[in-house]
Amino acid sequence: MFAQSAFLEDNQNATAISAGSALNKDAFSVAGTMAFSIKGRFDIRLTLGEIFYSEIHYSGTAFAPTFEFQIVKSTSGHPVAIAAGFSAEVATFTDNYNSQNEISTADFSLFGNIYHNYSLGKGVIVQPTYELHYTRGLTQSHEVSGNYFGITYQSSSQTTETNLELWLHIVGLTFSFKTSPSTQLLVSPSISMTSQITTWDAELGIIF
């Protein structure tokens, strides 16, 4: 989600809500976020999403809290702004054809970003952003298979674990439209890239 404090004055508190979606070659997701900004510097974001995998026929729910601090904000004296933060995500996925098969993931990310706010006048701001995440996590897969032979049921169960470590690059462009002294509408398309996959994201939100 966009960092709402990046669009606020220092010492200004605010709340934000948003909805977004993401798409890559493996999956499609939709999510909603509730966020809080403290003193125009510190953001707390809570995201809940549904993820649908195409080829492996799994779907599930993910929850992700994020904490971000504006180190240097975009002003006339500091054209390049800097922020840093921490996020975590836990998710559980179930096989659409066999509910006993599950995949669970847990990961955390440290990230930093740079951005600049360009004012186009009449309360319109355009903000290009580059964000870099270092992510580590664990994926656990549990599969159960079985067959009926008369009245005899034979089954097997297997659990595997995989460690995850990757760098994630995000390039985004957020458009902010001030509709009142305390309200802003935001539209934020972005591209997320790892060494193996590219994801297209879009988000619509409001700060009030």
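Residues numbered from 1 in each chain as written. Predicted model: local features only at pLDDT ≥ 70, side-chain atom pairs only at ≥ 80, totals over all residues. Heavy atoms only, no water.

Novice: Which parts of the structure should I look at to understand the layout of surface pockets?
Specialist: Rolling a probe over the atoms, with the probe sized like a water molecule, indicates the empty space that remains. In this structure, the second largest pocket occupies an estimated 410 Å³ of space. Lining the second largest pocket are 21 residues, with A6, F7, L8, E9 and I125 positioned closest to its centre. Every element with two or more residues in the lining of the second largest pocket is listed here: β7 (118-121), β8 (124-149), β9 (152-180) and β10 (183-193). The residue makeup of the lining of the second largest pocket, split by class, is 7 nonpolar, 10 polar and 4 charged. (1 Å grid on protein atoms, 1.4 Å probe; cavity = no way out; pocket = protein on both sides within 12 Å on 5 of 7 lines; lining within 4 Å. Points joined across faces, edges and corners; volume = space filled by probe spheres on them. Helix = DSSP H or I, 4+ residues; strand = E, 2+ residues; numbered from the N terminus. Nonpolar A, V, L, I, M, F, W, Y, C, P; charged D, E, K, R; others polar.)

Novice: How should I be thinking about unusual backbone geometry in this particular structure?
Specialist: Among all residues except glycine, the phi angle is most often negative; among peptide bonds, the trans geometry is most common. Here K39, not a glycine, exhibits a phi torsion of approximately 60°, which is positive. Its place among the elements puts K39 in the loop between β2 (27-38) and β3 (42-53). Positioned with a positive phi, H57 is a non-glycine residue whose angle comes to about 60°. If you trace the backbone, H57 turns up in the loop between β3 and β4 (58-72).

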